Amino acid sequence: MSQRSLKINIIEGKDLKGLDSGGVSDCYVKFKCGSISTKTEVIKKSTSPIWNFMINIGNVEENTLLQFECFDWERIGNNRTMGKTQAFVSDLSSGAKRNLMDQWLRLDTKGFIRISYEFTPPYPLETTEPTNSPLSPNLSVGNSGSMYNPAPVYFKPIFLPTIPLEIINNSSSGNSTTCHFILPGSVYQTRPFVCGEFVNCSLVINVFEARIVVRSLNLSFSGSITYKGRKQRRLVNDYRDLLLGYTGGVTPSTPTNNLAAGVLTSNKVVLERGKHVFPFQFFIDKTCKSTVNLNDYKVNYYLAFHGDIVNQPDIIASQEIKVVNLEDTVYKQTISPINAQTSKSPLTGGNISISCKSVKNSFYPGEEIELEVEVNNSSKKKIKNVDIVLNKVEYDGTDVTGTTYQLLTMTKRFYPKIKQNTSCKQMIVIELPSTSQCFGLIHSISETKMIRVEYHLLVNLDIPSCVDLRLKLPITMVQPDPKLETLPNPLTEIGNLPRYIKDWTIRNFYSWILFKKQCPDAITLNPEFYQYDLSGSDLMQLPTETLYSIFKGAGSRTQELVNDLQSQIFEIKSVRNFLKELQLSNLIDYFEKQTITWDILLQLNYNDIYSIKDITLGDAKRIYLKIQQILNEQKQLQQQEQQVVSNLESVNLQKSE
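On a predicted model such as this, the values are computed, not experimentally measured, just so you know.

Considering the overall build of the protein chain
- Helix and strand content of the protein chain: 13 helices and 33 strands.
- Principal axes of the C-alpha set define a box for the protein chain whose edges measure 105 × 70 × 60 Å.
- When burial is assessed residue by residue, the protein chain has 46% of its 657 residues classed as buried.
- Across the protein chain, contacts joining residues at least 24 apart in sequence account for 67% of those joining residues at least 6 apart.
- Put simply, the protein chain shows about 33900 Å² of open surface, and 48% of that area lies on carbon and sulfur atoms.
- Charged side chains of the protein chain number 70 positive and 66 negative; the gap between the two group centres comes to 6 Å.

Thoughts on the packing of aromatic side chains
- Evaluated as defined, the whole model comprises 20 aromatic pairs.
- Relative to tyrosine 123, the ring of phenylalanine 119 has its centre 5.0 Å away and its plane inclined at 80 degrees; by these criteria the two rings are edge-to-face. Each member of the pair, phenylalanine 119 as well as tyrosine 123, carries the same accessibility label: buried.
- Between phenylalanine 578 and tryptophan 598, the ring centres sit 6.1 Å apart and the planes meet at 65 degrees, which makes this aromatic pair edge-to-face. A residue pair is termed long-range when its members are at least 10 positions apart, and phenylalanine 578 in helix α9 (residues 558–581) and tryptophan 598 in helix α11 (residues 598–601) qualify at 20 residues.
- On the basis of relative accessibility, which here comes to 3%, the residue phenylalanine 578 falls in the buried class.

Focus on the pattern of salt bridges
- Applying the stated criterion across every chain yields a total of 27 salt bridges.
- Ionic pairing is found between arginine 80 and aspartate 72, a salt bridge with its closest N-O pair at 3.0 Å.
- In this structure aspartate 72 comes out as buried when scored by relative accessible area, which is 0%.
- Lysine 502 serves as the salt-bridge partner of glutamate 592, at 3.7 Å between the closest nitrogen and oxygen.

Points about the nonpolar core
- Counting residues in hydrophobic clusters, the biggest one holds 80 residues, and the most contacted among them are Tyr297 and Phe305.
- Looking at this core, the element that brings in the most residues is strand β15 (residues 198–227), giving 12 residues.
- Excluding its chain neighbours within four sequence positions, the residues that come into contact with tyrosine 297 are Ile225, Thr226, Tyr227, Val292, Ile445, Glu447, Met450 and Ile451.
- Grouped together as the second largest cluster of nonpolar side chains are 35 residues, Tyr500, Tyr510, Tyr530 and Leu547 included.

Brief notes about the sheet that holds strand β30 (residues 422–431)
- Read across the sheet, four strands follow the order β24-β25-β27-β30 without closing on themselves; strand pairing throughout is antiparallel. Each having just a single partner strand, β24 (338–344) and β30 make up the two edges of the open sheet. Shown here is a sheet whose adjacent strand axes are inclined to one another by a mean of 15 degrees, direction ignored.
- Two elements, strand β25 (residues 352–358) and strand β27 (residues 368–377), share six bridges in a ladder whose sense is antiparallel.

Here we look at the pairing of strand β8 (residues 102–106)
- Where β8 meets strand β9 (residues 112–120), five bridges bridge the pair, whose relative direction is antiparallel. Note that in β9 the partner of tryptophan 104 across the bridge is arginine 114.
- Counting the residues in the hairpin turn of β8 and β9 gives five residues, including glycine 111, whose phi is positive at 95 degrees.

A closer look at the sheet that holds strand β5 (residues 50–60)
- Spatially, β5-β1-β9-β8 is the arrangement adopted by the four strands of the open sheet, whose pairing is antiparallel. Among the strands making up the open sheet, the edge pair consists of β5 and β8. For this sheet the average axis-to-axis angle between neighbouring strands, irrespective of direction, equals 25 degrees.
- On top of the sheet, helix α1 (residues 89–96) reaches β1 (4–14), β5, β8 and β9; it is set at about 70 degrees to β9, its chief contact.

A short note on helix α13 (residues 617–656)
- Between the first and last C-alpha of α13 there are 59 Å, a value that for 40 residues agrees with the 58 Å anticipated at 1.5 Å per step.
- Burial in α13 covers these residues: Asp619, Ala620, Ile623, Lys626, Ile627 and Ile630.
- Residues of α13 that are buried make contact with α9, α11 and α12 (606–610).

Things to note about the environment of serine 35
- One can find serine 35 in the loop between β2 (25–33) and β3 (36–39).
- When its relative accessible area of 78% is taken as the criterion, serine 35 is described as exposed.
- Considering only alpha carbons, one finds serine 35 and isoleucine 57, 22 residues apart in sequence, at a separation of 9.9 Å.

With respect to the state of the cysteines
- Within the structure shown, the criterion is met by zero disulfides.
- Here cysteine 27 stays free of any disulfide, with the sulfur of cysteine 70 as its closest cysteine sulfur at 5.2 Å.
- By relative accessible area, which is 0% here, cysteine 27 ends up buried.

With respect to the side chain of aspartate 328
- On the secondary structure map, aspartate 328 appears in the loop between β23 (323–324) and β24.
- Of the buried charged residues, aspartate 328 lacks a salt bridge, with lysine 289 as the closest side chain of opposite charge at 7.2 Å.
- Look past the residues within four positions of aspartate 328 in its chain and what remains in contact with it is Ser290, His443, Val478 and Gln479.

Notes on the confidence of the model for the protein chain
- The predicted model of the protein chain has a mean per-residue pLDDT of 85, with 90% of residues at 70 or higher.
- Taken together, the stretch residues 127–146 has pLDDT below 50 and engages in 42 contacts with residues farther than four places along the chain or on a different chain.
- Below a pLDDT of 50 lies the segment residues 253–261, which in the model reaches 15 contacts outside its immediate sequence neighbourhood of four places, other chains included.

Some words on unusual backbone geometry
- Residue proline 121 is reached from threonine 120 by a cis peptide bond, and omega for that bond is -5 degrees.
- Not every positive phi belongs to a glycine, and asparagine 311 is a case in point at roughly 60 degrees.
- Among the structural elements, asparagine 311 can be located in the loop between β21 (297–309) and β22 (315–321).
- Phi is positive for lysine 449, close to 65 degrees, though the residue is something other than glycine.
- One can find lysine 449 in the loop between β31 (445–447) and β32 (451–461).
- What makes lysine 449 exposed here is its relative accessible area of 65%.

Rules behind the numbers
Residues numbered from 1 in each chain as written. Predicted model: local features only at pLDDT ≥ 70, side-chain atom pairs only at ≥ 80, totals over all residues. Heavy atoms only, no water. Helix = DSSP H or I, 4+ residues; strand = E, 2+ residues; numbered from the N terminus. Buried < 20%, exposed > 50% of the residue type's maximum accessible area, 1.4 Å probe, protein only. Contact = heavy atoms within 4.5 Å. Areas by Shrake-Rupley, 256 points an atom, 1.4 Å probe, with all protein chains shown as cover. Lys, Arg positive; Asp, Glu negative; His and termini not counted. Charge placed at Lys NZ, Arg CZ, Asp CG, Glu CD. Phe/Tyr/Trp six-rings, centres within 6.5 Å; stacked < 30°, edge-to-face > 60°. Salt bridge = Lys/Arg side-chain N within 4 Å of Asp/Glu carboxyl O. Core = buried A, V, L, I, M, F, W, Y, C linked by side-chain atoms within 4.5 Å. Pairing = 2+ DSSP bridges. Axes fitted to C-alpha atoms, helices over the stretch in contact; angles between N-to-C directions. Expected span 1.5 Å × (residues − 1). Disulfide = S-S within 2.5 Å. pLDDT = per-residue confidence, 0-100.

What follows is the structure, encoded as structure tokens:
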């Protein structure tokens, strides 16, 4: 592969934190890549600065890390950080191969910075001729014409010699082979995938038998628009045979041995007992639509898997995924201010006027709308309240009337009351409901001859003994940042960690790393981490070298994490081995239900042991005598160590004299 040089242009920022008075900042960006460190000029009094700062980095590798940090410049004192972000060169090169030459990068606090990039020599675009092969299409043809599918990329499968105990205990199929999908970033919440980017997921096959032989592992990714039960347009249609991951995408013509966990013979693969993880990748074209589920209009995307197993029932799995187009999110929202007014003259004389202003007209569910309401009253009426109503209007097909759904109603009081020949200007905060609080709250949609979804904010000025004065404010509903991950409460997660590592769920394992050990790099700097999908029972069965591979993203803290896990595993396994040595394996479940670890076991006296349910007098005595034997051995060992230390001190003392 030829070496490439890279140029970066830091173009602009958006929605940055305002740290100075007036809600603005004096913004600049500090860039670092290896030994290269530079910064842009300072743009004063702005939260949307434009820098257009070009950086020539030179030759780069795919794993080269680019770091960006935004600062607020201070004339006196230290400059204050406004947020930082980072990207690997591989993230940019994947975009360049799809002719995407700029990206918005989200800061870890608030706001975004936009960069463009240029590789020399440029990457060839990933386009190929159409093919009729069902397993490796590069261009699929649907009702709307052609859909771009990059050439398939096949990843080497991962084998773990472990079977999750929860699957064994809950299996209703007699401990036969099972499968399921893993979606990255979905431990705490459902993560959407973004149009114009790759879908990176994994399929897990848990083999319970000694081994199985598979002919094919066919995987499909499909997406379509459905209107009134009829498919209108196919958005995505791509296929893979995951068995080709053993050969890098090449169909074998002769038998090949010792591939990953089994033997590849012709087009068949032997999978040994354990967990087999098959990473895969699909591409979502940037022209695809966001996922929608209305009564008559639906946009859905599915992963579907079918495994052909020799002399056994086939295995299947399906998973619906959420897709978001950036045009429907805060990334591409059009910032148009709200500025509307109206007035009326009551029969009793005078005039009443109302005006509403806001800095923007695009909002996402759960956001607060700050609406400045100004009322001028030269009539004899006293005005107390203003009513706020949020309506969603759905237009079906060519219907021009639409169906209205009331999503929010609220009443705000004016303090003081607006009397004759007075005026009032008041900031009203409207808290939009979240998608979990209000079913059917989706982004604004306009699909010709199918569906149109609009939102209106009605501001009604309540005038006593008179027809209300109303303003109708059209607003655009968008989706929040699809890449923003909201983590749960750390104290709650730590408090929910089971004492026994064997009882940990996948979520518990993530929480232990993020909150208990406070080492997010173990997850964020290891793109393969999510593929392992490990619970506590899995961790107890893994060899030490696999643990090092799992925690490789932790860098210098890898050894610390491995040691901590092994210490917890030792506390459990030592009790099991202790009981097995005494031929009392029937007591293992009881000891573990009582969370008796090795350190607690050594503190038990005879009465504690004899109180165990269904234990005989002889067994209790054997356990007690064995514990005393271990304690005596430990005491003797400590005495020997102390004697060695004492002898060394005596020798050193004699030498000094």
